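Results of the structural survey
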Amino acid sequence: MMISTLNSTLGFHRAATAQQAGLRSEAEALQRQVSTGERLERPSDDPVAAARLRALDRTERLAQVEETNALRAREELGAASDRMADMASTLTRARELAVQAANGATSPQGRAAIATEIASLRETLFSLANSTGSNGEPLFAGQGTGPAYTRAADGSVTYTGSGAPGELEVGPGIAVQRGIAGPSFLSFDHGGTTSDVFALLGTLEQGLRGATGDPAGAARDSLPGFDAAIAALGQGQTVVGTRLAWVETVETIASQMGEARAEEATAVGGADLAASLSRLQQVMTALEASQASYARLASLSLFDRI
Amino acid sequence: MSGNLLQIGQSGAMAARAALELTGQNIANAGNADYARRSLALADLTPTGTVAYTQGFTAGSGVRIDRVVRSDATILFAQARQSGSDLTRATAELAGLQEAERSVEQAGVYPALVEFEAALGALRSDPLSPSLRSAVIERGQVLADSVRVGDSGLAGAAERATAEAQAGVASLNRDAGELVRVNEALLRAREGTSGHAALLDQRDALLGRMAQTAGIAVEYGQRGVVNVRLGDASGPFLVSGTTAPVPLSLQPQPDGTAAFTLGGAAVTISSGALAGHGQALTELRDARSALDAVAVQLVTTVNGAQASGATPAGVAGPPMFAGSSARDLALVLRDPAGLATAPAGAGAQSRSTANLDALRATLANGGPTAAADALLSRLSQAVAGRTVTREVLATVADSARAALSRETAVDLDAEAADLLRFQQAFQASGRVIQAAAEIFDTILGIR
């Protein structure tokens, strides 16, 4: 029996072309990896890694929104904190005036001047309580969109906001109250009844103008109210300050998590430059060698010898 | 006697010359994939009934050309056909799946869903802001568009696969008709002639092409006439001898898949490009219905949330999306003030985000985003798996084809050796004629 030792010429050329085309397309894929830095061209190159990358991209995108929200919350809480500090100094100044008015040595003219200043301080407090954030929304109106406090024709001031301020997501599963509602730091308990700073200053002003007949006594009576009001405001400032600090902590955590995500995305879908380049070199060498040997073999023909 | 020697020399020279011509023919067809190598079978020429004055000795009268032998490898050819059918099936199926993957991926359905979610998340920071509300509406528009683009990409892929299957059916029917004519010609041609061998080449080329389109089984009859069955040896006849072929036809189904009938009777095609296109059409149909499910889920979730919430005007929100499939998904809410962010009964101008939060939670947990992710994962997994299958089948098909070509194809080095051999045989026969002439001259020269 004769063993067939024929080598099909057509088959040889076809196989050589197919091998070189394979090497070439592998080299091109590696080149693409090196130039884009991405290991995956299509999801089907590595379905599991592609699914992970999709999830990471989604988390990253939602985290960007949370980051913007956190920035916003920080701005609003910061603005609220500044306004509250202004209120505190206003209230402190009013208390000083009340102490001064309570002094029997103060002349009636002096008390009248003090009453005028108290009225203007009350005006300052009113505008501070109605101050708005960077986007024009009231800072202390809870979920309401109108002004937090409104003044009636008789000069009395009432709270017109509603509800607790909404929560803002600042991190994955972490929400923070974006502000503080007016009554929680401007109202206080005074002698068993709930009062607020506007009523306190209004009553004091009326008393100094002689509504009760004892201006100095009215000033003295107002002092415990001032102490309660300043305490309530201080408490509110602490709450806002704590929230502000919390937002900053969350921002730090979020940026660390973002870094971790970026690292994972690179590990899952990024091309390892060193490995890709050395593999590319290897493939190029194989391709050159196969081209050279193909040229040598193809030029080897018995017809040259006849 | 010298006359006989002259004739022997002449027949040898003629045989060598014919062999040289056949070698030349082989060399000329070295690049022809359908050509099977030929060789010449020779037989000696022995006269019977000569007068036995040399006491029974006769050297014969030379050589004659018996037949042209065409190298043939029926089993290897069947293997090459079978593996070729499997490879074209896998290739067609993979092409359809890749197109499905590309359609969904490039339409950006998943990123659009994420952007929509992100816009809802941003709206949370200031639910009454007109600019953030507009962003949600715009993202909704992009989302509806990309779902529609994805669906039309899938529909286009299905159309192309159907058209290719139609073309495959037409080419198979044409080849079957051609094969019947070849069968007729084979019956007329004399076996062992160059003409018969050329017809066999033509027959094998047709069989190879038919196998690429649909898996076939071949039965060999006398004189190289073939019967072809669809599928395996128990399948229905596609070509039977010289009777007119049974036409194959494709019926597009309402759901986008394809069904085949042979002479009116339904048939299943399990290999070849037609089978691959059929499988691709099924995959594309599944992908489209998955995308439809994503669209329906989006419409139900978002519209449900709109209806159960309150807009800044304090009334229930109108539907945001419309449509019952991916093809007709559309954004119908154009007014940013129509987004219901607050819970029902919250009153006008409420900054509450309770309803928005509920919608975001529904979207995040097993919502359309997860469904789109599952669709993409399934498609990419299928493409990755089928790519491996195709590579394996390509290797099998390559080695089967290499084995076949080792048996039947032309080796130029072998032909060069033959060329030398027959050239020498020709020269030797020339010497025989010369010797006969010299003997004759010697006899004539006796005085």
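Let me sum up the structure you'll find in this document. (Residues numbered from 1 in each chain as written. Chains lettered and ligands numbered in written order. Predicted model: local features only at pLDDT ≥ 70, side-chain atom pairs only at ≥ 80, totals over all residues. Heavy atoms only, no water.)

1. A closer look at the overall build of chain A
Tallying secondary structure elements over chain A gives 7 helices and 6 strands in all. The linear arrangement of helices and strands in chain A, starting from the amino end, is α-α-α-β-β-β-β-α-β-β-α-α-α. Its C-alpha atoms give chain A a radius of gyration of 39 Å, more than 25% over the compact-globule value 19 Å for 306 residues. C-alpha extents for chain A along the principal axes are approximately 140 × 30 × 30 Å. A separation threshold of at least 6 residues defines the contact pool for chain A, and within that pool the share at least 24 residues apart is 66%. Summed over all atoms, the accessible surface of chain A reaches about 15800 Å², with 56% contributed by carbon and sulfur. When the 25 basic and 35 acidic side-chain charges of chain A are each reduced to a single mean position, those positions are 6 Å apart. (Helix = DSSP H or I, 4+ residues; strand = E, 2+ residues; numbered from the N terminus. Rg over C-alpha atoms; globule rule 2.2 N^0.38 Å. Contact = heavy atoms within 4.5 Å. Areas by Shrake-Rupley, 256 points an atom, 1.4 Å probe, with all protein chains shown as cover. Lys, Arg positive; Asp, Glu negative; His and termini not counted. Charge placed at Lys NZ, Arg CZ, Asp CG, Glu CD.)

2. Quick word on the sheet that holds strand E3 (residues 216–220) of chain B
Residue and element names in this part refer to chain B. Judged by pairing direction, the sheet is antiparallel, and its 3 strands sit side by side in the order E3-E4-E5 without closing on themselves. Each edge of the open sheet carries a strand with a single partner, namely E3 and strand E5 (237–239). Taken over all neighbouring pairs, the strand axes of this sheet differ in orientation by 35 degrees on average, direction set aside. Both strand E4 (residues 226–230) and E5 contribute to a ladder of 2 bridges, which runs antiparallel. Across the sheet, the residue bridging to Val 228 is Val 239, located in E5. Lying on the sheet, helix H4 (residues 130–188) is in contact with E4 and E5; it crosses E5 at an angle near 65 degrees. Across the sheet, helix H5 (residues 194–213) lies against E3, E4 and E5, angled at about 155 degrees from E3, the strand it touches most. (Pairing = 2+ DSSP bridges. Axes fitted to C-alpha atoms, helices over the stretch in contact; angles between N-to-C directions.)

3. Things to note about the pattern of salt bridges
Pairs can form between side chains of opposite charge whenever their charged atoms are close. All names here are of chain B. For the coordinates displayed, the defined rule picks out 42 salt bridges over all chains. Here Asp 201 ties to Arg 38 by a salt bridge, and the two come within 3.0 Å at their closest N and O atoms. Here Arg 38 lies in strand E1 (residues 38–45) and Asp 201 lies in helix H5, a separation of 163 residues in the sequence. The partner of Asp 204 in a salt bridge is Arg 203, with the nearest N and O atoms 3.0 Å apart. Like Arg 203, Asp 204 is buried. One network of salt bridges, in which partners are shared, links Arg 38, Arg 70, Asp 72, Asp 201, Arg 203 and Asp 204. (Salt bridge = Lys/Arg side-chain N within 4 Å of Asp/Glu carboxyl O. Buried < 20%, exposed > 50% of the residue type's maximum accessible area, 1.4 Å probe, protein only.)

4. Focus: the side chain of Asn 303 of chain B
Residue and element names in this part refer to chain B. Here Asn 303 is to be found in helix H6 (residues 273–308). Separated by 2.7 Å, the side chain of Asn 303 and the backbone oxygen of Phe 321 make a polar contact. In this structure, Asn 303 is in contact with Leu 298, Pro 319, Met 320 and Phe 321, ignoring residues within four places of it in sequence. (Polar contact = N/O pair within 3.5 Å; in protein donor to acceptor, adjacent residues only side chain to side chain.)

5. A few points about the interface of chain B and chain A
Each side of the interface is counted separately: chain B has 49 residues, and chain A has 38 residues. Interface of chain B and chain A: buried area, both sides summed, is about 3700 Å²; carbon and sulfur atoms make up 53% of it. Ranking the residues of chain B by area buried against chain A places Arg 124, Ser 125 and Arg 351 of chain B at the top, with a combined share of 18%. Where chain B meets chain A, there are 4 salt bridges. In this structure, Asp 126 of chain B engages Arg 72 of chain A in a salt bridge whose closest nitrogen and oxygen atoms are separated by 3.0 Å. At the junction of chain B with chain A, the criterion picks out 10 residue pairs in polar contact (both at pLDDT 80 or more). Mapped by element, the contributors of at least two residues to the side of chain B that touches chain A are helix H2 (74–107), helix H3 (109–123), helix H7 (354–364), helix H8 (368–408) and helix H9 (412–444) of chain B. (Buried area = accessible area lost by both parts, 1.4 Å probe.)

6. Topic: the nonpolar core
Phe 116, Met 210, Leu 248, Met 320 and Phe 321 of chain B are the most contacted members of the largest nonpolar core, which has 94 residues in total. If we ignore the near neighbours within four places in the chain, the residues touching Met 320 of chain B are Phe 116, Val 136, Ile 137, Gly 140, Val 302, Asn 303, Gln 306, Ala 330, Leu 331, Val 332, Leu 333 and Leu 339 of chain B. Residues Ala 73, Leu 91, Ala 94 and Ala 219 of chain A belong to the second largest nonpolar core, which totals 51 residues. (Core = buried A, V, L, I, M, F, W, Y, C linked by side-chain atoms within 4.5 Å.)

7. Quick word on the packing of aromatic side chains
All names here are of chain A. All told, the structure shown has 6 aromatic pairs over all chains when counted by the stated rule. Ring geometry for Phe 126 and Phe 198: centres 6.2 Å apart, planes at 80 degrees, overall edge-to-face. Of this pair, Phe 126 sits in helix H3 (residues 108–129) while Phe 198 sits in helix H5 (residues 197–208), placing them 72 residues apart in sequence. Pair check on accessibility: Phe 126 and Phe 198 agree, each one buried. Feature note: the residues Phe 126, Tyr 149, Tyr 159 and Phe 198 constitute an aromatic cluster, connected by ring pairs. (Phe/Tyr/Trp six-rings, centres within 6.5 Å; stacked < 30°, edge-to-face > 60°.)

8. Brief notes about helix H1 (residues 9–36) of chain A
With 28 residues, H1 of chain A ought to run about 40 Å at 1.5 Å a step, and its terminal C-alpha atoms sit 41 Å apart, in line with that. Within the sequence span of H1 of chain A, burial applies to Thr 9, Gly 11, Ala 16, Gln 20, Leu 23, Ala 27, Leu 30 and Gln 33 of chain A. On the buried face of H1 of chain A, the contacting elements are helix H7 (273–298) of chain A together with H9 of chain B. (Expected span 1.5 Å × (residues − 1).)

9. Thoughts on the sheet that holds strand E8 (residues 265–267) of chain B
Residues and elements named next belong to chain B. Here we have 3 strands laid out as an open sheet, ordered E6-E7-E8, and antiparallel in their pairing. Both outer strands of the open sheet, strand E6 (248–252) and E8, are each paired with one neighbouring strand and no more. Sheet twist, expressed as the average angle between the axes of neighbouring strands with direction ignored, equals 40 degrees. Relative to E6, H4 is tilted by about 165 degrees, and along the sheet it contacts E6 and strand E7 (258–262).

10. Some words on the packing of H2 of chain B against H8 of chain B
Residues and elements named next belong to chain B. Running from N to C, H2 and H8 point in directions that differ by 155 degrees, and their axes come no closer than 8 Å. Considered as vectors, H2 and H8 are oriented roughly antiparallel to each other. Crossing handedness for the pair H2 and H8: left-handed. Across the contact of H2 with H8, the residue classes break down as 21 nonpolar, 7 polar and 8 charged. (Parallel < 35°, antiparallel > 145°, perpendicular 65-115°, else oblique. Left-handed = near helix turned anticlockwise from the far one by under 90°. Nonpolar A, V, L, I, M, F, W, Y, C, P; charged D, E, K, R; others polar.)

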